[in-house]
Amino acid sequence: MINSIKYEILSNDYKEYDLSFKAVFIGDPGSGRSVLLNKLNSKNYDRFIPATNGFDFYIFNIKLEDKIIRLQLWDCTGLEIYRSLLSNFYRDANLIAISYAINDRTSFVHIESWLNQAKTNTPYDCKFFLIGNKADDDEGREVLKEEGEKIAKNYNFDYLLKLLPK
């Protein structure tokens, strides 16, 4: 399980970098992908950003230890109408992050479907993460932390329970 990674987000003006990674964020609508990526991009937490229609794209330069890493983060809508287009976004991905909301059991049940689609279209060495979002909603919790950890272990994912401030 990954608890925290210390990093520094740099200006996107950097033209040179040591490594480049493509990360694709997938999951059901309302699973918290867009809020998480918006928080990273703007450093502001806003639970009420509009749903992703299609796809959003972010580029970050991050300093991790002594390396400059360029991250391409793709926020792919969970809407069924766009699912057939996702195979194009999986190509050349280094990381797939499957998101579910702890207050929405259906988004948790759909993890396997998202995984099957992604595995069919990603390179063999692609890394997978499972992100349990909305961890601040204990009253509405429908998925236990242990359930997320168990499914991550079963699929050999890294697991991140993301707690964003209210």
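Residues numbered from 1 in each chain as written. Predicted model: local features only at pLDDT ≥ 70, side-chain atom pairs only at ≥ 80, totals over all residues. Heavy atoms only, no water.

Things to note about the nonpolar core
Formed by 24 residues in total, the largest nonpolar core has its most connected members in Ile26, Ile96 and Ile98. When contributions to this core are tallied by element, the ones reaching two or more residues are β2 (19-27), β4 (67-76), α2 (87-90), β5 (95-101), α4 (111-121), β6 (127-133) and α5 (145-154). Take this core: its biggest share by element is 4 residues, from α4. Non-local contacts of isoleucine 96, meaning those with residues more than four positions away in its chain, are made with Val24, Ile26, Tyr90, Ala118, Thr122, Cys126, Lys127, Phe128 and Phe129. If you look at the next biggest cluster of nonpolar residues, it comprises 13 residues, including Ala23, Phe25, Phe60 and Ile131. (Core = buried A, V, L, I, M, F, W, Y, C linked by side-chain atoms within 4.5 Å. Buried < 20%, exposed > 50% of the residue type's maximum accessible area, 1.4 Å probe, protein only. Helix = DSSP H or I, 4+ residues; strand = E, 2+ residues; numbered from the N terminus. Contact = heavy atoms within 4.5 Å.)

Looking at unusual backbone geometry
Located in the positive-phi region is aspartate 92, a residue other than glycine, with phi close to 65°. Among the secondary structure elements, aspartate 92 is positioned in the loop between α2 and β5. One non-glycine residue with positive phi stands out, namely asparagine 156, at about 60°. Turning to its location among the elements, asparagine 156 is positioned in the loop between α5 and β7 (158-161).

Considerations on the pattern of salt bridges
Under the definition given, this model contains 2 salt bridges. In this structure, arginine 105 and glutamate 147 form a salt bridge, with 2.9 Å as the shortest nitrogen-oxygen distance. Within this pair, whereas arginine 105 is found in helix α3 (residues 105-109), its partner glutamate 147 is found in helix α5, the two being separated by 42 residues in sequence. Look at glutamate 147 and you get partly exposed, because its relative accessible area is 24%. (Salt bridge = Lys/Arg side-chain N within 4 Å of Asp/Glu carboxyl O.)

Focus: α5
Those residues of α5 not exposed but buried are Gly148, Ile151 and Ala152. Each buried residue of α5 lies within a common arc of 105° when the element is viewed along its axis, so the set occupies one face. With respect to the buried face of α5, the exposed residues turned more than 90 degrees away are Glu146, Lys150, Lys153 and Asn154. Just downstream of α5, asparagine 156 is the residue with a positive phi angle, here 60°. (Arc of directions from axis to C-beta.)

Section: the packing of aromatic side chains
Counted according to the given criterion, the structure contains 5 aromatic pairs. On the numbers, 4.3 Å between centres and 55° between planes, the contact of phenylalanine 57 with tryptophan 74 is tilted. Of this pair, phenylalanine 57 sits in strand β3 (residues 55-64) while tryptophan 74 sits in strand β4, and the two are 17 residues apart along the sequence. According to the relative accessible area criterion, tryptophan 74 is buried, its value standing at 18%. An aromatic cluster of three or more residues is present, and its members are Phe128, Tyr155 and Phe157. (Phe/Tyr/Trp six-rings, centres within 6.5 Å; stacked < 30°, edge-to-face > 60°.)

Topic: the environment of isoleucine 96
Mapping isoleucine 96 onto the fold places it in strand β5. For isoleucine 96, a relative accessible area of 0% translates into the label buried. With 26 residues separating them along the chain, isoleucine 96 and threonine 122 place their C-alpha atoms 8.7 Å apart.

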